Amino acid sequence: MSTRAVREPRTYNGLKSQIVISKMITFALPAVSRVRLEVYNTIGQRVEVLKDGIMDAGTHQVRWESHAPAGIYWCRMRAETTGSAHERFERTMKMVLIH
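Residues numbered from 1 in each chain as written. Predicted model: local features only at pLDDT ≥ 70, side-chain atom pairs only at ≥ 80, totals over all residues. Heavy atoms only, no water.

Further remarks concern the pairing of strand β4 (residues 33–41). The buried fraction of β4 amounts to seven of the nine residues, a majority that puts the element mostly inside the structure. Where β4 meets strand β5 (residues 46–55), eight bridges bridge the pair, whose relative direction is antiparallel. By the bridge assignment, Glu38 is partnered in β5 with Val49. Turn length for the β4-β5 hairpin, with the two strands adjacent in sequence and antiparallel, is four residues, and the turn residue Gly44 shows positive phi of about 85 degrees. Pairing of β4 with strand β7 (residues 71–81), which is carried by nine bridges, proceeds in the antiparallel orientation. Within β7, the residue paired with Glu38 across the bridge is Arg76. (Buried < 20%, exposed > 50% of the residue type's maximum accessible area, 1.4 Å probe, protein only. Helix = DSSP H or I, 4+ residues; strand = E, 2+ residues; numbered from the N terminus. Pairing = 2+ DSSP bridges.)

This is the structure we're talking about:
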């Protein structure tokens, strides 16, 4: 892991499909931010909220351990900095869950 300062939110899983039983979602925040991490199925129904709250700057990992059926899911991350430099970030990642 790099010790360089993070200048903007980023995800490390990219937008590639991931084949998983449980999924570790890794991301970095440049500043204290309100983060909402949600999983949706292919018809747009929210399956689970993985994280919803204030998180410190730095690298974080959130694990999705689901009892959902095998299939394609979308993980949406929304982050909004809480300081004076109010910035928003949104990223959606495709995941494939197999049992």
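Now that the structure has been shown, the text picks up again.
Let us now look at the nonpolar core. Among the nonpolar cores identified, the biggest contains 19 residues, and Ile25, Phe27 and Leu37 are the most heavily contacted of them. When residues of this core are traced back to their parent elements, those giving at least two are β3 (22–29), β4, β5, β6 (58–65), β7 and β8 (88–97). (Core = buried A, V, L, I, M, F, W, Y, C linked by side-chain atoms within 4.5 Å.)

Glancing now at the environment of Arg46. Position of Arg46 relative to the elements: it lies in strand β5. In this structure, the C-alpha to C-alpha distance between Arg46 and Tyr73, residues 27 residues apart in sequence, is 9.7 Å. When residues no more than four places from it in sequence are discounted, the contact partners of Arg46 are Arg36, Glu38, Val39 and Tyr40. One polar contact links Arg46 to Glu38, side chain to side chain, over a distance of 3.3 Å. (Contact = heavy atoms within 4.5 Å. Polar contact = N/O pair within 3.5 Å; in protein donor to acceptor, adjacent residues only side chain to side chain.)

The geometry of two aromatic rings is summed up by the distance between their centres and the angle between their planes. Scanning the entire structure with this criterion turns up one aromatic pair. With a centroid separation of 5.3 Å and 70 degrees between ring planes, the pair formed by Trp64 and Tyr73 is classed as edge-to-face. Neither residue differs from the other here; Trp64 and Tyr73 are each classed as buried. (Phe/Tyr/Trp six-rings, centres within 6.5 Å; stacked < 30°, edge-to-face > 60°.)

All right, on to the environment of Lys23 then. Tracing the backbone through its elements, the reader meets Lys23 in strand β3. Residues Lys23 and Leu97, spaced 74 residues apart in sequence, show a C-alpha to C-alpha distance of 8.4 Å.

Time to look at the confidence of the model for the protein. Interpretation of this model should avoid reading the predicted coordinates in detail wherever pLDDT is low. For the protein, the average pLDDT comes to 82, and 78% of its residues sit at 70 or higher. Overall, residues 1–6 carries pLDDT values under 50, and its contacts beyond four positions in sequence, including any with other chains, amount to four contacts. Across residues 15–20 the pLDDT falls below 50, and counting only partners more than four positions away or on other chains, this stretch makes 16 contacts in the model. (pLDDT = per-residue confidence, 0-100.)

Turning to the pattern of salt bridges, a few remarks are in order. Applying the stated criterion across every chain, the model contains nine salt bridges. Residue Asp52 is joined to Arg36 by a salt bridge in which the shortest nitrogen-to-oxygen separation is 2.6 Å. Residue Asp52 is found in strand β5, and its partner Arg36 is found in strand β4; the two are separated by 16 residues along the sequence. With relative accessibility at 39%, the residue Asp52 sits in the partly exposed group. Between Glu38 and Arg76 there is a salt bridge whose closest N-O contact spans 3.1 Å. (Salt bridge = Lys/Arg side-chain N within 4 Å of Asp/Glu carboxyl O.)

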